[in-house]
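Summary of structural features
Chain residues, written in single-letter form:
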Amino acid sequence: MSLALTIAQPVVPSASDMPDGRDWVNRAIATLSAEQTRSADTHLIEVPLRNAPGISLYLKDESSHPSGSLKHRLARSLFLYALCNGWVREGTTIVEASSGSTAVSEAYFARMLGLPFIAVVPATTACEKIAQIEHQGGRCHRVDDPRQIYAEAERLAAHCGGHYMDQFTYAERATDWRGTNNIAQSIFDQMRAEASPVPAWIVCGAGTGGTSATIGRYIRYGRHATRLCVADPEASVFHRHFHDRSVTQVDGAVSCIEGIGRPRVEPSFLPDVVDRMIAIPDARSIAAARHLSAVLGRRCGPSTGTNLQACLDLIAEMVAAGQGGSIVTLLCDSGDRYSSTCYDQNWCDQRGFAEADADPRLQTYLPLRHGVV
Ligand SMILES: *Cc1c(COP(=O)(O)O)cnc(C)c1O
């Protein structure tokens, strides 16, 4: 063999040199990478405040992802993690336990990769979300007891030789918290030109706990003075666990706020990176979501209301202390997903949620001149 011929050999191994099945995995990873390249960053929107001198409030608008919520980031990360771990191959059925938004985003990526997708959802999930999962090519498997969705998803995956994605376990480790355009890095980059570029507080909810884990780790990694506040529905176990680590489960009613608040402490919830937790009654979350929707002129989902309600406490404390600074919170998804739930008057009436539940401080700091959306 001549030297010239040796040099002419391709440096990259040809497809036939790849171990069995890795061709497909390579193409799948390239597909995810191309999707990320096509995607723009989400907007950071400033919401003007009144009666709060020197304080600025920003919303990271996660509703603008192609699959409609902050779960777009999670789903992309979970697929990449599963592919790189060798857990997902050509034809693997993907199964997830999800109250809706994760399933919508995972269905979106499963279809992109040509994989079958089954969502195990609580029977109470909003019908708009079921329609969206099916629109993305997924199938839904309804379970009456929301506490059974994990076991059922695991059983179903084992039964069909598929892969149980398990967002509640893997959310915190599937995302690279050091960067790679995670939500925290994006927030700090987008704040660079603001009057108070390092937020005094970042406020988010916890469903898997993945978002708070990523933000809390990134704050430490970047050596920022920012504090992380998690806004949690009253019925959720997370804030109880935060104050007493021996509490890992709550019985009784579950929260009406989709996407956040859990009856059991999820493995991806990392309390040690959280500086503060604020428990929010569902009625206040819904009233805050409605108020913010009227301020913005477009509907946002109820977990965004939970976030805003926690921001009111922080704003009031900063005002009382004469402190300025910035607060960043998340607009997690659009209210279009909830027209048959918290934007339906009958649904609210049946649960006793009323306009009177609105925190009067909404009107103090985010005054509204027009009607409610
Ligand atoms: C999942 C979700 C959250 C919470 O995010 P996690 O990273 O899972 O803790 C908040 N709001 C909505 C609408 C969600 O779907």
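Residues numbered from 1 in each chain as written. Predicted model: local features only at pLDDT ≥ 70, side-chain atom pairs only at ≥ 80, totals over all residues. Heavy atoms only, no water.

1. Here's the deal with the overall build of the protein
Tallying secondary structure elements over the protein gives 14 helices and 10 strands in all. Rg of the C-alpha trace for the protein: 22 Å, near the compact-globule value of 21 Å for 373 residues, within the 12% margin. Principal axes of the C-alpha set define a box for the protein whose edges measure 80 × 50 × 45 Å. Counting over 373 residues, the protein shows a buried share of 54%. The long-range fraction of contacts in the protein, counting pairs at least 24 apart against all pairs at least 6 apart in sequence, stands at 76%. Taken as a whole, the protein presents about 16300 Å² of accessible surface, with 50% of it coming from carbon and sulfur. (Helix = DSSP H or I, 4+ residues; strand = E, 2+ residues; numbered from the N terminus. Rg over C-alpha atoms; globule rule 2.2 N^0.38 Å. Buried < 20%, exposed > 50% of the residue type's maximum accessible area, 1.4 Å probe, protein only. Contact = heavy atoms within 4.5 Å. Areas by Shrake-Rupley, 256 points an atom, 1.4 Å probe, with all protein chains shown as cover.)

2. Things to note about the pairing of strand S10 (residues 325–331)
Of all seven residues in S10, seven are buried, a share of seventy percent or more. Of the strand pairs in this sheet, strand S2 (residues 55–61) and S10 are connected by seven bridges, and their pairing is parallel. Bridge pairing links Tyr58 to Val328 in S10. Pairing geometry for strand S7 (residues 201–204) and S10, over three bridges, is parallel. Opposite Ile202, over in S10, you have Val328 as the bridge partner. (Pairing = 2+ DSSP bridges.)

3. Examining the pairing of strand S5 (residues 139–143)
Across five bridges, the pairing between strand S4 (residues 117–122) and S5 is parallel. Bridging from a neighbouring strand, Ile118 pairs with Arg139 of S5. Between the parallel elements S4 and S5, the chain passes through helix H5 (residues 127–135) in a crossover that is right-handed. (Right-handed = clockwise from strand over helix to strand, strands pointing away.)

4. Here we look at the domain arrangement of the protein
For the protein, the assigned domains read domain 1 (40–64 + 177–365) and domain 2 (71–171). Placing the centre of domain 1 and that of domain 2 at their C-alpha centroids yields a distance of 25 Å. Between domain 1 and domain 2, the contact holds 29 residues from the first and 20 residues from the second. A per-residue breakdown of the area domain 1 buries against domain 2 is headed by Thr208, Glu258 and Arg337, which together make up 34% of the total. Where domain 1 touches domain 2, the interface holds three salt bridges. (Domains from an automatic or database assignment. Buried area = accessible area lost by both parts, 1.4 Å probe. Salt bridge = Lys/Arg side-chain N within 4 Å of Asp/Glu carboxyl O.)

5. Points about the packing of helix H11 (residues 282–296) against helix H12 (residues 302–320)
Between H11 and H12, whose axes approach to 7 Å, the crossing angle comes to 95 degrees. One element, H11, and the other, H12, form an angle in the roughly perpendicular class. Here H11 contributes Arg284, Ser285, Ala288, Ala289 and Leu292 to the contact with H12, which in turn contributes Pro302, Thr304, Gly305, Thr306, Leu308 and Gln309. (Axes fitted to C-alpha atoms, helices over the stretch in contact; angles between N-to-C directions. Parallel < 35°, antiparallel > 145°, perpendicular 65-115°, else oblique.)

6. Details of the nonpolar core
Trp24, Phe79, Leu83, Leu113, Leu115, Phe117 and Ile133 are the most contacted members of the largest nonpolar core, which totals 30 residues. At seven residues, helix H4 (residues 101–113) tops the list of elements feeding residues into this core. When residues no more than four places from it in sequence are discounted, the contact partners of Leu115 are Trp24, Phe79, Val88, Arg89, Glu90, Gly91, Thr92, Ile94 and Ala110. (Core = buried A, V, L, I, M, F, W, Y, C linked by side-chain atoms within 4.5 Å.)

7. Looking at the confidence of the model for the protein
Mean pLDDT for the protein: 92, with 95% of residues reaching 70 or above. Scored below 50 in pLDDT, residues 1–7 shows one contact in the model against residues more than four places distant or in partner chains. (pLDDT = per-residue confidence, 0-100.)

8. Quick notes on the sheet that holds strand S1 (residues 44–47)
Across the sheet, six strands lie side by side as S1-S2-S10-S7-S8-S9; this open sheet has mixed pairing. The sheet is open, and its two borders are formed by S1 and strand S9 (276–280), each paired with just one other strand. Each strand of the sheet is rotated relative to its neighbour by a mean of 25 degrees, with strand direction disregarded. Where strand S8 (residues 227–233) meets S9, five bridges bridge the pair, whose relative direction is parallel. Pairing of Cys229 across the sheet is with Arg276, part of S9. The strands that helix H8 (residues 183–190) touches are S1, S2, S7 and S10; relative to S2, the one it contacts most, it runs at about 135 degrees.

9. Thoughts on the sheet that holds strand S3 (residues 94–97)
Two orientations exist for strands paired in a sheet by backbone hydrogen bonds: parallel and antiparallel. With parallel pairing, the four strands of this open sheet are ordered in space as S5-S4-S3-S6. The open sheet has two edge strands, S5 and strand S6 (163–164), and neither has a second partner.

10. Considering H12
The terminal C-alpha atoms of H12, which comprises 19 residues, lie 28 Å apart, in line with the 27 Å expected from a rise of 1.5 Å per residue. Of all 19 residues that make up H12, 15 are buried, and the element is covered over most of its length. A positive phi of about 70 degrees marks Gly322, the residue just after H12. (Expected span 1.5 Å × (residues − 1).)

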